[in-house]
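Structural overview for review
Each chain, letter by letter, is given below.
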Amino acid sequence: MSPDGSPPHSRDPDGDSASEARPRAYARAYAGMEGGGAPGDMEIVWRIARMALRYRAGVAVALGATLAASAFQLAIPGLVGDAVDGAHGLLADGAATPETARSALWHAAVLLLAVSILRGLFTLAHNYSGEAIGHRLAHDLRLTFYAKLQRLGFSFHDRIHTGELITRGMLDLEGVRMIVNQGLLRAVQMAVLVGAGAALLLSTDPVLGLLSLSFVPYIAWRSTTARLRLRYLWTLFQDRMAVLGRIMDENLTGIRVVRAFGAERFEIDKYDRAAADALKLSSRRINVRVASTTEMTFAYFVAMGLVLWVGGERAIAGTMTVGTLTEFLTFITILQLPVRSLGLVVNSFARGSSCGARLFAVIDLEPAIRDAPDAGALAVTDGTLRFENVSFAYDEGGKPALDRVSFEVRRGRTLGIVGPPGSGKSTITHLLPRYYDVSGGRITIDGQDIRAVTLDSLRRAVRVVQQDPFLFTASIDNNIAYGDPWTEEQTIRDAAGLARIDGFIDRLAEGYETLVGERGVSLSGGQKQRVAIARTALLDPAVLVFDDSTAAIDAATESQIREALAGRAENAARIVVSHRLAAIRDADEILVLDAGRVIERGSHETLIAGGGHYARIFALQGRDGIGDGLQGAAE
Amino acid sequence: MSVAAQQTRPPRAVVGSQISRDEEIFGAAYDRRVAGRFLAYVGPYGRWLAMALGAVLVFTGAQLLIPLVIRHAIDEAILADGGDVAHLQLTAAVFGVVILVSYAANYVQDRLVGHIGERVIFDLRRAMFAHLQDVSLSFMDKTEVGRMMSRLQGDVNSLQEFLENSVTAFGDLLLLVGIVAIMLTLNLELGLLTLVLVPTLALVRIVWLPRARLAFRRARETNSIANGALAEAIHAVRTVQGMRREEVNYLLYGDKAGDNLKAHLSAARYAQAMVPVVDTLTGAALAIVVVLGGSLVLGGALEVGVMVAFVFYVQRFFDPIRSLTIQYSIMQRAMASGQRIFEVLDVPLAIVDPPDALSPKRMRGAIDFADVTFGYAPGRPVLHGVSFSVAPGETVALVGPTGSGKTSITALMHRFYEVWDGSVSIDGRDVREYSRAALGRHIAMVLQDPYLFTGTVLDNIRFSTATATRADIERAARAVGAHDFIVRLADGYDTVLDQQGRNLSLGQRQLLSFARALVADTPILILDEATANIDSYTERRIQVALRRLLEGRTGIVIAHRLATVRGADRIVVLNEGRVVESGSHDSLIAARGLYARLYAFNYASFDDMPDDLVAPSASPRS
């Protein structure tokens, strides 16, 4: 029955399809998310069903209304059959007078109208509560998904492409929502309709009843095989579409690179290959869907033909009235719409379970970094931060990004860190707020291992100004107050002054209300960095970390900011990562990193006197280290 | 701890874009121009479409025949003078044939429609993607990638639903017409009386449609607002976690999600309101058939079979109307999506290759700017009459404060934009005479923000230089000093870079983009603030490599640091879109102009330099 001739189950592996489904990079990226074998699709459907059951009132209304609507629906064939018999029977035996026949017709007609109206109202109730449950469930899932994404750590977000997550939150959520009304409730409705109808018909005439229902087992079987196969194809298709989406996203984001290399043709070819891949799968999906739905419709009509034939012979033999035959035929007509929409049900199950799998894969993830069971709030006393033999690798078993690094910074003191790209400078700033956990050694604040305190208290105590700050599409004051939305206006202005961005803001037409980002005013790199400094300085942290966050700010402004901060952040232990030596020469201690190891340490003077790596960089950057190497080219 | 409980004043906080995300055009559900343009994309599948429509005709015909066959069985076989079994069997056989034909036609129709729909969608998406490769950068500069992606994916997907539905809708319409015709033929009086009910539907349209349209629209709008906020949360997750904004954001997002829920529930009420209406109409029609048809049968004016056939037809008659709500919402969405798709396809190609575009095998690399005036927004030029020349093999540095037009100059060499006035020439020919592919082949650029693609290190360095061998790539990586860190990666050159190389440091990413430019082996090399993200020590190493790299090539260097600039053969100093000075480092120092002032004050770069230093009329960037 399978369209390409293979047995329906042979190509339906959930587990080993991953390698076929995804390029290597993805297989690796998702390794953590689908580990332990993907759950079966019925499991997913059950899980959604259980979630839907939480809306007790809605479910009760939906089910009650389904029963009522089905009952009224099923009354229609009987009424029609009676009317036919009423009209015809008179001619046949002449037992009744035209008047009684006429009143019987009126009787049936009024009942038909009443029953139809009631059926409509109950169907409304049923459909609406079904839709409502779906929307409420989607609303809950939406919030859960959002909350989970906010909690999942950096290592998760490093692995999963942002576009991919957005797709899950938008399209997959929709898929799960649809399964509630289009899948689950409609399936219940069909089961009730078919079940009650079967009882009714079988009690009226067992043989004809069986014939009327003969298509049901076939449809049940066919829809199951189609669902499994569609589910499998949906999953593959979604992965291919994700690849295609990624190609488009990267192309648009990197459009300048594409243009600079005249690589438009190259990119289109790349796109075409991915699109051809997706299209091929999509075609297979369409073939499976069409084959199953048309076969099911055919089976339905076969049943109708059998009833006409056998029932007709009986009517001729006189063992059955024409009215009863009409009743059976009408009953089958009632089932036509459900049978036609069975394809939708099947599709929504297939899509919903595959979407659900993708959505739950994220929702079920426990953040690798979370509070220890008995974690208490961090108690900052002396404000002393210690790295004790800290090692760390981004990939388990991979190259260490940090190798046994130790240092100590006390309140009011500054630690400077320099080193070539990839030497581990930023890694240190990532470990402090526990964006990642150390692989070896430990980090303590006032003697408390940072893994033993609550994340919330830790991250409130340790603030990092990032190298490449993300500004939000909002007013400037919203951006500066990002970490404390209830702060006073004056605090915002003070922070802006500290970061030397106040003058710029004052000159804007709408001042602090000016919208930045997306379509607002676009800021230069240096201005962005100053806003980022302002929003962090506003929070008065115990440990303040600058991750090369002044690279785009000129040296003079930077030194003003540094002085202002030294006065303001007296209570903070400061860590400054920079490749501009002027920014760290006054630090109490300077670490020189290379390949994750500390290769030199000491004050500026001792390092210069040592004549090592640091001294060489210093020589490159300039005689007095203020400028960024004005004399640098002097060999 | 709720947001409201914390303070009486509302927080200075929002999530998601504050600009209404959807400038959707909710006009009529059916827009002839949009629909007409779809047809152009269906064109290539004309034969398939003709076959599909043929199948629709056959399928509808078969569907219409079924009640007639049943009528025939009842009137001519069952009720004909005590019954005619042979005739019944014959009729049953005819029924079998009809449903077989119906099955085949249905299969052909659905399959063809499915494939046409899918292909048209893919064609449309590709047309958009390909078009975006060619539209001018000034358009792309103003466009957010996220919004464009929602057009490429969301809008295109909602069209698919529409395309598949439109053929079904056509079939439904055909069925409607067929039913009316048959009912009127079977019995004019009964047929007319049944059809009396249809005009009441017009009332429904007048009352229901405008309200439903608003409700549907509101549901879609709140959807995109909530999704916009979700997208922001994902993009900004590192900042959100660093600033501990999870809780506040969750509550703010909850408000948006709540609005969305309310809007959806209201839309669902409107959509479902049609159900009892249609059911009542069906019931009324059935009642008419029973009373009137029954009376006619009683009076001997109508055969029983015809009455049964009417029962069948009446029930199918309202099916298409029943699905109207779904169809309507799909249509409305599709037209809005179509508008947005065609908006993209209609973005004019500002820059098109001339018919006989030059595509030379080699270029020497002589660059000539003659009186070039250029700007991004009409009436606001950023370059005013800029003229300078670069000889083949020469290295020229461009310096000047932010907004002085340095990057615009490099963009014009590559013809990313068209000059307003004057001309840019390479090897004595206007850049407008070359094909854009040729310019891409002979000019390499390293940009300030390195951009890497998902793929291996090898793929990223090779990029579009398909001819580069592994050895070429390694040589380039060594030359820029990237080889050492590459071999230390898990799989060396075959390491897959996820998330645009987030697993590398910014400096390392920049080294890869250097290697990429080197592999391209072009006579002209443009470095646009390319070393801004690299520490001095590494930059020093790159400088050495660059000197070798620039040998025999024409180099244009925009640099942040004066150290980088000093080594250039010539320095062109720009201010406010004008060339203010030009010459070697020593001659510029001697001239005591802007460059000398900058140098004397020990500023590392022109950026963020105090305004009074830059001179007369510096204005803040906005």
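As the structure is a computational prediction, the values presented were derived from the model and not from experiment.

Conventions adopted
- Residues numbered from 1 in each chain as written.
- Chains lettered and ligands numbered in written order.
- Predicted model: local features only at pLDDT ≥ 70, side-chain atom pairs only at ≥ 80, totals over all residues.
- Heavy atoms only, no water.
- Helix = DSSP H or I, 4+ residues; strand = E, 2+ residues; numbered from the N terminus.
- Contact = heavy atoms within 4.5 Å.
- Areas by Shrake-Rupley, 256 points an atom, 1.4 Å probe, with all protein chains shown as cover.
- Buried < 20%, exposed > 50% of the residue type's maximum accessible area, 1.4 Å probe, protein only.
- Axes fitted to C-alpha atoms, helices over the stretch in contact; angles between N-to-C directions.
- Parallel < 35°, antiparallel > 145°, perpendicular 65-115°, else oblique.
- Nonpolar A, V, L, I, M, F, W, Y, C, P; charged D, E, K, R; others polar.
- Phe/Tyr/Trp six-rings, centres within 6.5 Å; stacked < 30°, edge-to-face > 60°.
- Lys NZ or Arg CZ within 6 Å of the ring centre and 35° of its normal.
- Salt bridge = Lys/Arg side-chain N within 4 Å of Asp/Glu carboxyl O.
- Pairing = 2+ DSSP bridges.
- Buried area = accessible area lost by both parts, 1.4 Å probe.
- pLDDT = per-residue confidence, 0-100.
- Expected span 1.5 Å × (residues − 1).
- Bend = angle between axes of the 7 residues up to and from the residue.
- Core = buried A, V, L, I, M, F, W, Y, C linked by side-chain atoms within 4.5 Å.
- Patch = residues over 30% accessible without salt bridge, like charges linked within 9 Å, V, L, I, M, F, W, Y side chains within 5 Å.
- Left-handed = near helix turned anticlockwise from the far one by under 90°.

So, about the overall build of chain A. Secondary structure summary: chain A contains 21 helices and 12 strands in total. Of all intrachain contacts in chain A linking residues separated by at least 6 positions in sequence, the fraction that spans at least 24 positions is 77%. Carbon and sulfur atoms make up 56% of the accessible area of chain A, which amounts to about 23500 Å² in all.

This next bit is on the overall build of chain B. Helices and strands together make up the secondary structure of chain B, namely 24 helices and 12 strands. Relative to its full complement of 622 residues, chain B shows a buried share of 58%. Intrachain contacts of chain B at a sequence separation of at least 6 include 77% that bridge at least 24 residues.

Helix 3 (residues 46-78) of chain B packs onto helix 11 (residues 264-317) of chain A with a crossing angle of 10° between their chain directions and a minimal axis gap of 10 Å. In this view, helix 11 of chain A runs roughly parallel relative to helix 3 of chain B, as classed from their interaxial angle. Between helix 11 of chain A, through F301(A), M304(A), L308(A), G312(A), A315(A) and I316(A), and helix 3 of chain B, the contact on the second element is made entirely by Q63(B), I66(B), I70(B), A73(B), A77(B) and I78(B). Looking at the contact of helix 11 of chain A with helix 3 of chain B, its residues break down into 10 nonpolar, two polar and no charged.

Looking now at the packing of aromatic side chains. One pass over the full model with this rule turns up 26 aromatic pairs over all chains. Seen in terms of ring centroids, F387(A) and F407(A) are 4.3 Å apart; in terms of plane orientation they differ by 15°. Their pairing is stacked. You can see F387(A) sitting in strand 1 (residues 385-392) and its partner F407(A) sitting in strand 2 (residues 402-409), a full 20 residues away along the chain. The buried category is assigned to F387(A), whose relative accessible area is 1%. Of the aromatic side chains, those joined through ring pairs into one cluster are F154(A), F392(A), Y394(A), Y435(A) and Y436(A). The side chain of R245(B) reaches across the aromatic face of Y482(A), ending 3.9 Å from its centre. Note that R516(B) overlies the ring of F463(B), its terminal NZ or CZ placed 5.1 Å from the centroid.

Residues and elements named next belong to chain A. Non-glycine residue R500 carries a positive phi angle of around 60°. Note on placement: R500 falls in the loop between helix 16 (489-498) and helix 17 (502-507). Its relative accessible area of 31% is what places R500 among the partly exposed residues. Positive phi values are uncommon outside glycine, yet A595 reaches one of about 50°. Here A595 lies in the loop between strand 11 (589-594) and strand 12 (597-602). Note on A595: relative accessible area 31%, which makes it partly exposed.

Before going further, it helps to spend a moment on the pattern of salt bridges. Should their charged atoms come close, side chains of opposite charge can pair. The full count for this structure, using the stated rule, is 46 salt bridges over all chains. R71(B) is the partner of E76(B) in a salt bridge, and the nearest nitrogen-oxygen pair spans 3.9 Å. Look at E76(B) and you get partly exposed, because its relative accessible area is 30%. Where salt bridges share partners, they join R386(A), E388(A), E408(A), R410(A) and R442(A) into one cluster.

With antiparallel pairing, the four strands of this open sheet are ordered in space as 2-1-4-5 (chain B). Each edge of the sheet is formed by a strand with only one pairing partner; in this case those strands are strand 2 (380-390) and strand 5 (429-430) of chain B.

Each partner contributes residues to the interface: chain B has 176 residues there, and chain A has 183 residues. Carbon and sulfur atoms make up 64% of the surface buried where chain B meets chain A, a total of about 16500 Å² over both sides. Considering only the side of chain B, the residues that lose the most area to chain A are R12(B), R244(B) and L298(B), jointly responsible for 5% of the buried surface there. Where chain B meets chain A, there are five salt bridges. Here D456(A) makes a salt bridge to R244(B), at a shortest N to O gap of 2.9 Å. For the side of chain B that touches chain A, the element with the highest residue contribution is helix 10 (residues 246-298) of chain B, accounting for 30 residues. Residues that form the side of chain B that touches chain A fall into these classes: 86 nonpolar, 48 polar and 42 charged.

Residue and element names in this part refer to chain B. For strand 11 (residues 570-575), the buried fraction is high: six of the six residues fall into the buried class. Of the two faces of strand 11, both are covered, the one formed by R570, V572 and L574 as well as the one formed by I571, V573 and N575. Counting the residues that bridge the hairpin from strand 11 to strand 12 (residues 578-583) gives two residues, and of these E576 lies at a positive phi of roughly 50°.

Let us look at the confidence of the model for chain B. Residues and elements named next belong to chain B. Across chain B, pLDDT averages 81, with 87% of residues at or above 70. Confidence, expressed as mean pLDDT per element, reaches its minimum in chain B at helix 1 (residues 3-6) with 45 and its maximum at strand 4 (residues 421-426) with 93. In this model residues 19-28 is a low-confidence stretch, pLDDT under 50, and it forms 28 contacts with partners more than four residues away in sequence or in other chains. Here residues 613-622 is modelled with pLDDT under 50, and outside its nearest four sequence neighbours on either side it reaches 19 contacts, counting other chains as well. Quick note on the complex model: pTM equals 0.78, ipTM equals 0.81.

A separate point is helix 18 (residues 525-537) of chain A. Look at helix 18 of chain A: 18 Å from first C-alpha to last across 13 residues, which is about the 18 Å you get at 1.5 Å a residue. For helix 18 of chain A, the buried fraction is high: 11 of the 13 residues fall into the buried class.

Relative to the 63 Å expected for 43 residues at 1.5 Å per residue, helix 7 (residues 162-204) of chain A spans 60 Å between its end C-alpha atoms, a close match to the ideal helical length. The largest bend in helix 7 of chain A is about 40°, located at I179(A).

Take the sheet that holds strand 5 (residues 448-449) of chain A next. As summarised here, the arrangement of the four strands in space is 2-1-4-5 (chain A), forming an open sheet in which the pairing is antiparallel. Looking at strand neighbours, the two that pair on one side only are strand 2 and strand 5 of chain A, the edges of this open sheet.

Moving on: the pairing of strand 12 of chain A. All names here are of chain A. Summarising the sheet, strand 11 and strand 12 pair through five bridges and their orientation is antiparallel. Bridging from a neighbouring strand, V592 pairs with E600 of strand 12. Linking strand 11 to strand 12, which pair antiparallel, is a turn of two residues; within it A595 sits at a positive phi near 50°.

Below, the discussion takes up the confidence of the model for chain A. Residue and element names in this part refer to chain A. When pLDDT is averaged across chain A, the result is 81; 88% of the residues are at 70 or more. Here residues 1-38 scores under 50 on pLDDT; set against residues more than four positions off or in separate chains, the count is 57 contacts. Contacts from residues 623-635, a stretch scored under 50 in pLDDT, to residues over four places away or in other chains number 31 contacts.

Among the nonpolar cores identified, the biggest contains 278 residues, and M304(A), I70(B), F369(B), I461(B) and L512(B) are the most heavily contacted of them. With 20 residues, the top contributor of residues to this core is helix 12 (residues 322-363) of chain A. I461(B) has contacts with I473(B), A477(B), I486(B), Y493(B), L512(B), A515(B), R516(B) and V519(B), leaving out every residue within four places of it along the chain. Grouped together as the second largest cluster of nonpolar side chains are 46 residues, V465(A), A481(A), V516(A) and A236(B) included.

This paragraph deals with a nonpolar patch on the surface. All names here are of chain B. A surface patch of nonpolar side chains, amounting to about 330 Å² of accessible area, comprises L57, V58, V97 and V101. When residues of the nonpolar patch are traced back to their parent elements, those giving at least two are helix 3 and helix 4 (85-134). Here V97 shows up in helix 4.

Right, let's talk about the environment of F318(B) for a bit. Residue and element names in this part refer to chain B. Topologically, F318 is positioned in the loop between helix 11 (304-317) and helix 12 (319-322). The spatial distance from the C-alpha of F318 to the C-alpha of A273 is 15 Å, given a sequence separation of 45 residues. Filtering out sequence-adjacent residues up to four positions away, F318 remains in contact with V278, L281, T282 and A285.

Moving on, we get to the packing of helix 5 (residues 98-151) of chain A against helix 10 of chain B. Here helix 5 of chain A crosses helix 10 of chain B at 165°, and the two axes come no closer than 7 Å. Put simply, helix 5 of chain A runs roughly antiparallel to helix 10 of chain B. For the pair helix 5 of chain A and helix 10 of chain B, the crossing hand works out as right-handed. Residue composition of the contact of helix 5 of chain A with helix 10 of chain B, grouped by class: 31 nonpolar, 17 polar and eight charged.

Right, let's get into the side chain of R238(B). If you trace the backbone, R238(B) turns up in helix 9 (residues 237-242). Sequence-distant contacts of R238(B), that is, excluding residues within four places in its chain, are made with F154(A), H157(A), D158(A), Y435(A), Q466(A) and R502(B).

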